[in-house]
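Tertiary structure, described
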Amino acid sequence: MSETAQEILKSARQAHGLTQIQLAMMLYTSVDQVRRMERGEIIPEMSDVDLMEEKLPEPGLFRHWARAQYPEIVKHFGAADNRDLGLIGAVVNVKLQMADVMKLQDRVERDAVDGRIDDPLLRETYERELQEAREAIEASLIRIKEVK
């Protein structure tokens, strides 16, 4: 069973060790709003989810949440980011995957100054995002060769 939109947001908050109060402060909203979001009583503004993705940082959070919140996105664009959309889909996917890597880059550089990434969650997230970017690049290269 897949996560609901509210579970996705709550899980992201908890994965970063934030309280509802801390998240509310990050989003410039009330604690009550965060509670209601996590219970599914209200649908958060897209800009709030985008801000949450940026502030945590939690690359891919917005796309993951949007697919759960709005089933029509899945109907029209597929359940996964790797849906075969030809060359343009492959090229755009590279851009999206690289943007996710770049959202983490400054934190990784600061953490890696001693020659290793000490924060295990950051290391895991960065490795996953790099792998997804690599896969997107490889898929794009295949598409480019196909259309020569």
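Provided above is the structure to which this section pertains.
The paragraphs below set out a description of the structure included in this document. Every value quoted in this text rests on a predicted model; they were computed, and no experiment measured them. (Residues numbered from 1 in each chain as written. Predicted model: local features only at pLDDT ≥ 70, side-chain atom pairs only at ≥ 80, totals over all residues. Heavy atoms only, no water.)

**Topic: the overall build of the protein chain**
Let me state the cut-off plainly: Where helices and strands are cited, they refer to DSSP runs of H or I of at least four residues and of E of at least two residues respectively, numbered from the N terminus. Accessibility here uses a 1.4 Å probe with only protein chains present; expressed as a share of the type maximum, an area under 20% marks a residue as buried, one over 50% as exposed, and anything in between as partly exposed. Contacts are residue-level and defined by heavy atoms, with any inter-residue pair within 4.5 Å sufficient. Surface accessibility in these figures is a Shrake-Rupley result with a 1.4 Å probe; residues are shielded only by whichever protein chains are displayed.
Scanning the protein chain from N- to C-terminus turns up 8 helices and 0 strands. Order of helices (α) and strands (β) in the protein chain, N terminus to C terminus: α-α-α-α-α-α-α-α. When the 148 residues of the protein chain are sorted by exposure, 32% land in the buried category. Across the protein chain, every contact between residues at least 6 apart in sequence was considered, and the portion connecting residues at least 24 apart equals 58%. Only carbon and sulfur atoms are counted for the fraction: they give 55% of the accessible area of the protein chain, which is about 9400 Å².

**Here's the deal with the nonpolar core**
In globular proteins that are soluble, nonpolar side chains generally tend to be buried together. Here is the rule: Residues belong to one nonpolar core when they are buried, are Ala, Val, Leu, Ile, Met, Phe, Trp, Tyr or Cys, and are joined through side-chain atoms within 4.5 Å.
By size, the foremost hydrophobic cluster in this structure holds 17 residues, and its most contacted members are Leu9, Met52, Leu56, Leu61 and Trp65. Apart from residues lying up to four places away in sequence, Leu61 is in contact with Ile8, Leu9, Ala12, Val49, Met52 and Glu53. Judged by nonpolar contacts, the second largest core, of 7 residues, contains Val101, Ile117, Tyr126 and Ala133.

**Looking at unusual backbone geometry**
Even without being a glycine, Tyr28 presents a positive backbone phi close to 60°. Turning to its location among the elements, Tyr28 is positioned in the loop between helix H2 (20–27) and helix H3 (31–39).

**Focus: a nonpolar patch on the surface**
For the record, the criterion: Patch definition: residues above 30% relative accessible area lacking any salt bridge, with like charges linked at up to 9 Å and the nonpolar side chains Val, Leu, Ile, Met, Phe, Trp and Tyr linked at up to 5 Å. We define a salt bridge as a contact between a side-chain nitrogen of Lys or Arg and a carboxyl oxygen of Asp or Glu at a distance within 4 Å.
A cluster of nonpolar side chains, contributed by Leu87, Ile88, Val91, Val92, Leu96, Met98, Ile137, Leu141, Ile144 and Val147, occupies part of the molecular surface with about 790 Å² of accessible area. Secondary-structure elements contributing two or more residues to the nonpolar patch are helix H7 (86–111) and helix H8 (120–146). Broken down by element, the residue count for the nonpolar patch peaks at 6 residues, all from H7. Here Ile144 lies in helix H8. With relative accessibility at 40%, the residue Ile144 sits in the partly exposed group.

**A word on helix H4 (residues 46–55)**
Using the following cut-off: The directions considered for the arc run from the helix axis to the C-beta atoms.
If you check which residues of H4 are buried, you get Val49, Met52 and Glu53. For H4, the buried positions fall inside an angular range of 100° around the axis, keeping them on one side.

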